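A structural walkthrough
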Amino acid sequence: MLGHRLVRLRDEKRLAGLITGTEAYISEADLACHARFGRTPRSEVLYASPGHAYVYLNYGMYWLLNIVTEAQDFPAAVLIRGIQADEGIELMRELRGWPEVLLTNGPGKLTRALDINGSFNRMDVCSPEAILFIEPASGVLDRQVLCGARVGIDNAPEPWRSKPWHFRIQKI
């Protein structure tokens, strides 16, 4: 997904940007993944077919957007951690209530700027009628991608806390 575009259609306007940061969560064995407890009402969407949105409230404050990535019944998703906004920036500023340039450089910031909330959970982002989808773009070169440990999972035990499944694009 890195280097492709995340697009949200809102009131006939496009809010979009290049995906610059992601994080992988895979399987019930991954003790940082919400599927670690098996199928629950919260995690059920992780077992859906690829291309479904998994949107959940983090810390009771921030909606986070994930895209299911593996075959149906195998729980895995990629968290969209950031985008480089380039379409609909003024509307994004209004939605965030914040004039700063770095509107979408974090998973909670980008969902606020794109007006994504729990109603997007289970949405098929591959549907032709989708109002949230990923558009192909030129992508990035391997040498532009940095990887490291996932962020914000301090409660997960090792080796899961240190898995190098956080990916981001170096300055574009």
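Below is a short write-up of the structure. (Residues numbered from 1 in each chain as written. Predicted model: local features only at pLDDT ≥ 70, side-chain atom pairs only at ≥ 80, totals over all residues. Heavy atoms only, no water.)

Some points on the overall build of the chain
Summing up its helical and strand segments, the chain has two helices and eight strands in all. Start at the N end of the chain and walk to the C end: the helices and strands fall as β-β-β-β-β-α-α-β-β-β. Scaling as 2.2 N^0.38, a compact globule of 172 residues should have a C-alpha radius of gyration of about 16 Å, and the chain matches this with 15 Å. The principal-axis extent of the C-alpha atoms belonging to the chain is close to 40 × 35 × 30 Å. Counting over 172 residues, the chain shows a buried share of 42%. Counting only contacts in the chain whose residues sit at least 6 apart along the sequence, the fraction spanning at least 24 positions is 55%. Summed over all atoms, the accessible surface of the chain reaches about 9000 Å², with 54% contributed by carbon and sulfur. Side chains of the chain give 20 positive and 20 negative charges; the mean places of these two sets differ by 6 Å. (Helix = DSSP H or I, 4+ residues; strand = E, 2+ residues; numbered from the N terminus. Rg over C-alpha atoms; globule rule 2.2 N^0.38 Å. Buried < 20%, exposed > 50% of the residue type's maximum accessible area, 1.4 Å probe, protein only. Contact = heavy atoms within 4.5 Å. Areas by Shrake-Rupley, 256 points an atom, 1.4 Å probe, with all protein chains shown as cover. Lys, Arg positive; Asp, Glu negative; His and termini not counted. Charge placed at Lys NZ, Arg CZ, Asp CG, Glu CD.)

Regarding the packing of aromatic side chains
In this structure the tally under the stated criterion is two aromatic pairs. Consider the rings of Trp160 and Trp165, whose centres lie 6.3 Å apart with planes at 55 degrees: the pair is tilted. Given a relative accessible area of 17%, Trp160 falls into the buried group. Note that Lys163 overlies the ring of Trp160, its terminal NZ or CZ placed 5.0 Å from the centroid. (Phe/Tyr/Trp six-rings, centres within 6.5 Å; stacked < 30°, edge-to-face > 60°. Lys NZ or Arg CZ within 6 Å of the ring centre and 35° of its normal.)

Remarks on the nonpolar core
Leu6, Leu65, Ile80, Leu114, Ile116 and Leu132 are the most contacted members of the largest nonpolar core, which totals 21 residues. Those residues within four positions of Leu6 in sequence are excluded, and the remaining contacts are Leu15, Ala16, Gly17, Ile19, Leu65, Ile80, Ile83, Leu110, Leu114, Leu132, Phe133 and Ile134. Formed by 15 residues, the second largest nonpolar core is a distinct cluster that contains Cys33, Tyr47, Leu64 and Ala156. (Core = buried A, V, L, I, M, F, W, Y, C linked by side-chain atoms within 4.5 Å.)

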